[in-house]
Amino acid sequence: MYAPNRRDFLRTAGAFALLPALEKSEPDLILHNGNIWTVNARAPRAEAVAISEGRFLAVGSNQDVLAMAAGRARKIDLGGKTVLPGFIDAHSHPAVAGRQHLRQVDCDLRSIAAIQQALRERAAKTPPGEWVLGFKYDDTKTSEGRPLTRGDLDAAVPDHPVQVEHRGGHTAWVNSMALKMAKVDENTPDPPGGKFDHDPATGRLTGHVRENAREPFNKIIPDTFTRDDYREGVKLITKMMSRTGISSVHDAFGTPEDLQGYQDARESGDLRCRIYCLIGYFAIDRMISAGIRTGFGDEWVRVGAMKMVCDGSISERTARLSQPYIGRPNDYGILVADEAELYETARKAHAAGWQLGTHANGDVAIDKTLRVYERLQREMPHRDGRYRLEHCTVISDGLIQRMKALGAIPTPFSTYVYYHGEKMREYGAERLNHMFALRSFLDGGIRPTQASDYPPGPFEPMMALQSSVTRTDSKGNVWGPNQKVTVEEAIRIGTLHGAYASYEEHLKGSIEPGKLADLVVLGQDPFKVDPSALINVPVERTMVGGGWVWEA
Ligand SMILES: [Zn+2]
């Protein structure tokens, strides 16, 4: 039930102690005997919360909050367990990933042989001529120590077109039948912003297609998803995410169909995380002509920024850098859009009231994107633009100063140091001092968020905490130790900063009266465990809007 008067009071009063009886001061639910870290700087610790109609009614000591119990209020003893606000993954791809999990072969396997076997099994159940699609393949994590080839795919699946996407999502591997169907051969020129890899010895296509060179395949892979599939995908992925303590997700590249899928899942009771849906630039005209802009929706499904893309990927080593990749002196990465193009699209959305978000990994791409934003801010100043730099991976002092001046928000990868450590050699130790630069952002007065970019990075918030606090990969190598943050800072980044990035800091991101009752109950206290064991902290329960969406 909606109770606008009471909520408006709570918001404007900014009440932190117990509240006077307005429409309803009686809680539905009380959680007590907890070790609660609120992320509210004015009252950082608490023992108990009272919840009414999906919001925190009171936050305080056991004694004060339990005194509010009356009538039918349920009481839950947390047994001293640690409670944090629900985590906010400020950049990932839940709708697409959910559908991939429904229909495609999960190639997150540790040998090429295992990937071939999984593709072969899927092909046996797929009518000849139809596509066999794989996702989450990672070229640096298979035991053969070499990337997948067209030959591997042909050997496993000769009679179906095959495409296996890298978990980074910017490049893919295709077999011979797929090349033939897409009419791509050894003489096909590389498109702007893309590359068909050739064997340097023979000139033969290797099957590895990068960035815009994926277009010929994207065009012919039929979209067979039904409206139900969109809803089912959302159901599956938000279930997976909620188990790890995520209560809100920013979909970083949504479409109108994805928005419909989120709404359908919400109506059927299958949406377990709140969604802030950034809309891909290619769909922006449809949205603008419908009169929709950033902020439309409610606390469950809301329209986010318009999303554009400037350069390549970190996990696939195609980000556009000012200094070349280590060991490849002529490789600076790929720009996929030029500044004039970005400006034209951004101007249209900015004028229509949209927040902007642009994928910019390398320092060259960040500079270009900032130039576009700075120009727009000069020409059409926004009082509170919150311009988003998606990923914003490789930074410099100069870029930080410009971001601060603009009030820009970075959404750096939170799990890459830990999970993708073996790829960091291609960036080099020195450059890592300026990558995923949480310390530099915080010290520069900027609010970075927690972000997985899933599928490219794992989304577990506990892995994000460990990666950000230790800057150590799973093999024990330390990358960019100067960028370490504290557990407390990493938690604030993963909660309140994510809310700020979606203009929702008045609604969520901390445990305080009037905010949405989104929280996570942990099996251990992350402030007390060894930082290199944070990843093992169990998530026992996740609550969204006063209801448990996950219980171990
Ligand atoms: Zn992304």
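Once that is clear, we can look at the overall build of the protein chain. What the protein chain contains, in helices and strands, is 19 helices and 23 strands. Taking the principal axes of its C-alpha atoms as reference, the protein chain extends roughly 80 × 55 × 50 Å. Relative to all contacts within the protein chain whose residues are 6 or more apart in sequence, the contacts with residues 24 or more apart total 73%. Split by element, the accessible area of the protein chain, about 21,600 Å² in all, is 50% carbon and sulfur.

The sheet built from 7 strands is open, its strands ordered β8-β15-β16-β17-β18-β19-β20 with parallel pairing. One side of each edge strand has no neighbouring strand; the edge strands of this open sheet are β8 (87-92) and β20 (409-411). Neighbour-to-neighbour, the strand axes of this sheet turn through a mean angle of 25°, independent of strand direction. As paired strands, strand β19 (residues 388-391) and β20 are joined by 3 bridges and run parallel to one another. Its bridge partner lying in β20, L389 is registered against P410.

Let us look at the pairing of strand β13 (residues 194-198). Inspection of the sheet shows β13 paired to strand β14 (residues 205-211) by 4 bridges, in the antiparallel sense. Pairing of G194 across the sheet is with E211, part of β14. In textbook terms, the turn of a hairpin is the stretch between consecutive antiparallel strands, and for β13 and β14 this stretch comprises 6 residues, one of which, G203, has a positive phi near 80°.

Right, let's get into the layout of surface pockets. In this structure, the second largest pocket occupies an estimated 540 Å³ of space. Lining the second largest pocket are 25 residues, and of these W173, K195, D197, H208 and R210 sit closest to its centre. If you list the elements that add at least two residues to the lining of the second largest pocket, you get β12 (171-174), β13 and β14. Its residues assigned to classes, the lining of the second largest pocket shows 5 nonpolar, 10 polar and 10 charged.

This part covers the pairing of strand β18 (residues 356-360). In terms of burial, β18 is largely enclosed, as 5 of its 5 residues are buried. In β18, alternate side chains face the same way, and those of L356, T358 and A360 on one face and G357 and H359 on the other are all buried. In terms of strand pairing, strand β17 (residues 301-309) meets β18 through 4 bridges, oriented parallel. Each bridged residue has a counterpart across the sheet, and for V309 the counterpart in β18 is H359.

For the zinc ion, the full set of protein donor atoms is H91 (NE2), H93 (NE2) and D453 (OD), and the range of their distances to it is 2.0 to 2.1 Å. Each donor residue of the zinc ion lies on one chain, and together they are spaced H-x1-H-x359-D.

Bringing the environment of V336 into the picture now. Considering the arrangement of structural elements, one finds V336 in the loop between β17 and α11 (339-351). Taking the C-alpha atoms as reference points, V336 and T415, 79 residues apart in sequence, are found 25 Å from one another. Setting aside its immediate chain neighbours within four residues, V336 contacts G193, E211, N212, V309, C310 and D311.

What follows covers the packing of helix α12 (residues 363-379) against helix α13 (residues 397-406). Two elements in contact, α12 and α13, have axes separated by 11 Å at closest approach and are oriented at 30°. On the basis of the axis angle, α12 is roughly parallel to α13. Crossing handedness for the pair α12 and α13: left-handed. Contacts from D363, I366, D367, L370, R371, Y373, E374 and Q377 of α12 reach α13 at L399, R402, M403 and L406. Counted by class, the contact of α12 with α13 contains 6 nonpolar, 1 polar and 5 charged residues.

Moving on, we get to the confidence of the model for the protein chain. Here the protein chain shows a mean pLDDT of 94. Residues at 70 or above account for 96%. Of the regions scoring below 50 in pLDDT, residues 1-22 engages in 37 contacts with residues more than four places distant in sequence or in other chains.

A separate point is the sheet that holds strand β7 (residues 82-85). Strand order in this open sheet of 6 strands is β3-β2-β7-β21-β22-β23, and the pairing throughout is mixed. Two strands in the sheet have a free side with no partner beyond their single neighbour: β3 (45-46) and β23 (547-551). As defined by bridge partners, strand β2 (residues 35-37) adjoins β7 across 2 bridges and the pair is classed as parallel. Its bridge partner lying in β7, I36 is registered against V83.

Here we come to helix α18 (residues 487-494). Burial analysis of α18 places 6 of its 8 residues in the buried class, the great majority of the element. Residues V487, E489, A490, I491, I493 and G494 constitute the buried set of α18. Summarising the contacts, the buried residues of α18 are in contact with β7, β8, α16 (438-443), α17 (461-470) and α19 (496-501).

Here we take up the side chain of H91. Mapped onto the fold, H91 is located in strand β8. The contacts of H91, once residues within four sequence positions are left out, are H250, A252, K307, E390, H391, T411, Q450, A451, S452, D453 and Y454.

Calculation notes
Every chain's residues receive numbers from 1 upward, in the order its sequence appears when written. For a predicted model such as this one, the threshold for reporting local features is a pLDDT of at least 70, and the threshold for listing and counting side-chain atom pairs is 80 or more; totals across whole chains, interfaces and linings nevertheless cover every residue. Based on all heavy atoms of the structure, the side-chain values leave hydrogens and waters out of the count. Secondary structure is summarised from DSSP: a helix means a run of H or I of at least four residues, a strand means a run of E of at least two, and numbering begins at the N terminus for each. What makes two residues a contact is simply this: any of their non-hydrogen atoms within 4.5 Å. Per-residue and other accessible areas were derived by the Shrake-Rupley procedure at a 1.4 Å probe size, with only the shown protein chains allowed to occlude residues. DSSP calls a pair of strands paired once it identifies at least 2 bridges connecting them. Interaxial angles span 0 to 180 degrees and are taken between N-to-C directions of axes, which are lines fitted to C-alpha atoms, for helices over the stretch in contact. Using only the protein atoms, space was sampled on a 1 Å grid; points where a 1.4 Å probe fits but cannot get out form cavities, open sets with protein on both sides within 12 Å along at least five of seven lines form pockets, and lining residues are those with an atom within 4 Å of a point. Grid points are joined across faces, edges and corners, and a volume is the space filled by probe spheres set on the points. Polar here means any residue other than Ala, Val, Leu, Ile, Met, Phe, Trp, Tyr, Cys and Pro, which are nonpolar, and Asp, Glu, Lys and Arg, which are charged; Gly is therefore polar. Remark: exposure states derive from per-residue accessible area (1.4 Å probe, protein chains only) relative to the maximum for the residue type, with buried under 20%, exposed over 50%, and partly exposed in between. Distances decide who is a donor: an N, O or S atom must be within 2.8 Å of the metal, or within 3.2 Å for Na, K and Ca. Water is not included, so sites may look incomplete. Roughly parallel here means an angle under 35 degrees, roughly antiparallel means over 145, roughly perpendicular means 65 to 115, and every remaining angle is called oblique. By convention, the crossing between two helices is left-handed when the near helix turns anticlockwise from the far helix through less than a right angle, and right-handed when the turn is clockwise. Values of pLDDT, which run from 0 to 100, indicate the predictor's confidence residue by residue.

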